[in-house]
Amino acid sequence: MINILIADDNAVQTEQLTKVLSREKDFRILKVSKDGVEALNDYIALKPTVLILDLNMPKMSGIDVIEELSKDTNFDSKTNILIVSGSTLFRSQLTNAQKIKWIFSKPIDYDKLIYEIREIKKEENFKPTFKEDLDGLFSDLDIKPYTKGANYLKTAIYIAYYEDSKDINISNITKQIASRYHVSHSDSVQSAMDKTVRTLYPKHLKDTDLKKVFTSDYKITTKDFISRALYYIDNA
């Protein structure tokens with residue numbers, strides 16, 4: 001069963017959302033939180049599989065809820081928040097994407113929402129330490145957190161890991177990221193990731209294993225980096 005917490009102060013919106021999601025036999029609506037403080041407390045108490053979160057809420061914004069939930073990764077390190085927001089301004093202020101699976105504008109594409117809810121459930125089968133290993137790798141390689149390129153690159157690794165394909169389809173991955181982050185052109189995503197990969201290597205890698213995996217006699221592409229990151233994490 002997929003347990004869902006909805007956080008939105010718009011009664012009409014939550015009523016329709018609850019009605020649509022309740023039709024799915026494997027979905028259970030745990031509660032509807034009507035402000036940010038309630039959403040934070042309910043998440044901690046109920047531990048939902050998925051949090052559907054509005055950004056513009058009373059008492060505490062959805063952005064602040066995300067920040068609070070991201071502080072303690074020992075409590076919950078899942079990427080299980082689906083943003084549903086009609087506010088372009090609030091969506092543009094999102095910088096901490098580590099727990100965000102997808103961002104939806106209003107009106108909601110319910111078919112896509114249902115699909116992403118089930119994807120979150122599937123991702124519970126990831127290697128338990130995958131997120132921590134990936135965060136640690138980015139730190140060891142001195143990748144600046146929360147930049148566009150870093151967020152895109154980390155998302156690309158997640159997608160490649162989940163798809164579990166022998167050949168990484170970087171074009172398909174950049175299109176998925178562009179859709180997720182509401183970027184008009186996937187080329188912009190590719191460019192941001194390429195820039196991050198070009199600048200991420202420290203001059204001296206002290207860790208022998210890092211040296212073996214991430215140094216090369218030729219220029220490493222973004223696709224190469226994703227492949228090497230997956231290899232490194234799988235063998236961590």
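In case you missed it, the structure is sitting above this.
Criteria and cut-off values
Residues numbered from 1 in each chain as written. Predicted model: local features only at pLDDT ≥ 70, side-chain atom pairs only at ≥ 80, totals over all residues. Heavy atoms only, no water. Salt bridge = Lys/Arg side-chain N within 4 Å of Asp/Glu carboxyl O. Buried < 20%, exposed > 50% of the residue type's maximum accessible area, 1.4 Å probe, protein only. Helix = DSSP H or I, 4+ residues; strand = E, 2+ residues; numbered from the N terminus. Contact = heavy atoms within 4.5 Å. Pairing = 2+ DSSP bridges. Axes fitted to C-alpha atoms, helices over the stretch in contact; angles between N-to-C directions. Parallel < 35°, antiparallel > 145°, perpendicular 65-115°, else oblique. Left-handed = near helix turned anticlockwise from the far one by under 90°. Nonpolar A, V, L, I, M, F, W, Y, C, P; charged D, E, K, R; others polar. Core = buried A, V, L, I, M, F, W, Y, C linked by side-chain atoms within 4.5 Å. Phe/Tyr/Trp six-rings, centres within 6.5 Å; stacked < 30°, edge-to-face > 60°. Lys NZ or Arg CZ within 6 Å of the ring centre and 35° of its normal.

Caption draft 1: Highlighting the pattern of salt bridges. Under the counting rule described, the total for this entry stands at 9 salt bridges. A salt bridge links Glu38 to Lys31, with the nearest nitrogen and oxygen atoms 3.2 Å apart. Residue classification places Glu38 among the partly exposed residues on the basis of a relative accessible area of 22%. Judged by its relative accessible area of 32%, Lys31 is partly exposed. Residues joined by salt bridges that share partners form a network here, namely Glu24, Asp26 and Arg118.

Caption draft 2: Structural context of the side chain of Thr49. Secondary-structure assignment places Thr49 in the loop between helix H2 (36-46) and strand S3 (50-53). Assessed through its relative accessible area of 6%, Thr49 is described here as buried. Here Thr49 is in contact with Met1, Ile2, Asn3, Lys78, Asn80, Ile120, Lys121 and Glu124, once residues within four sequence places are set aside.

Caption draft 3: Spotlight on the pairing of strand S5 (residues 100-105). Counting buried residues in S5 gives 5 out of 6 residues, a clear majority hidden from the surface. In this sheet, S5 lies alongside strand S4 (residues 81-85) in parallel orientation, the contact comprising 5 bridges. Bridge assignment links Val84 to a residue of S5, and that residue is Phe104.

Caption draft 4: Highlighting the packing of H2 against helix H3 (residues 62-71). Orientation of H2 relative to H3, taken along the N-to-C sense of each, is 30°, at an axis distance of 9 Å. Taken together, the axes of H2 and H3 lie roughly parallel to each other. Between H2 and H3 lies a crossing of right-handed hand. Contacts between H2 and H3 pair Gly36, Leu40 and Tyr43 from the former with Val65, Glu68 and Leu69 from the latter. Residues of the contact of H2 with H3, tallied by class, amount to 4 nonpolar, 1 polar and 1 charged.

Caption draft 5: Spatial organisation of the environment of Ile220. As for its position among the elements, Ile220 is in the loop between helix H10 (208-214) and helix H11 (222-234). The spatial distance from the C-alpha of Ile220 to the C-alpha of Val197 is 7.8 Å, given a sequence separation of 23 residues.

Caption draft 6: The nonpolar core, seen in detail. Membership of the largest hydrophobic core comes to 36 residues, with the highest contact counts inside it found for Ile157, Phe214, Phe225 and Ile226. Among the elements that line this core, the one with the most residues is helix H7 (residues 148-163), at 9 residues.

Caption draft 7: Quick peek at the packing of aromatic side chains. Counted under the stated rule, the structure contains 4 aromatic pairs. An aromatic cluster is defined as three or more aromatic residues linked by ring pairs; in this entry it consists of Phe130, Tyr158 and Tyr161. When the ring centre of Trp102 is taken as reference, the NZ or CZ atom of Lys112 above it lies at 3.9 Å. Note that Lys154 overlies the ring of Phe138, its terminal NZ or CZ placed 5.1 Å from the centroid.

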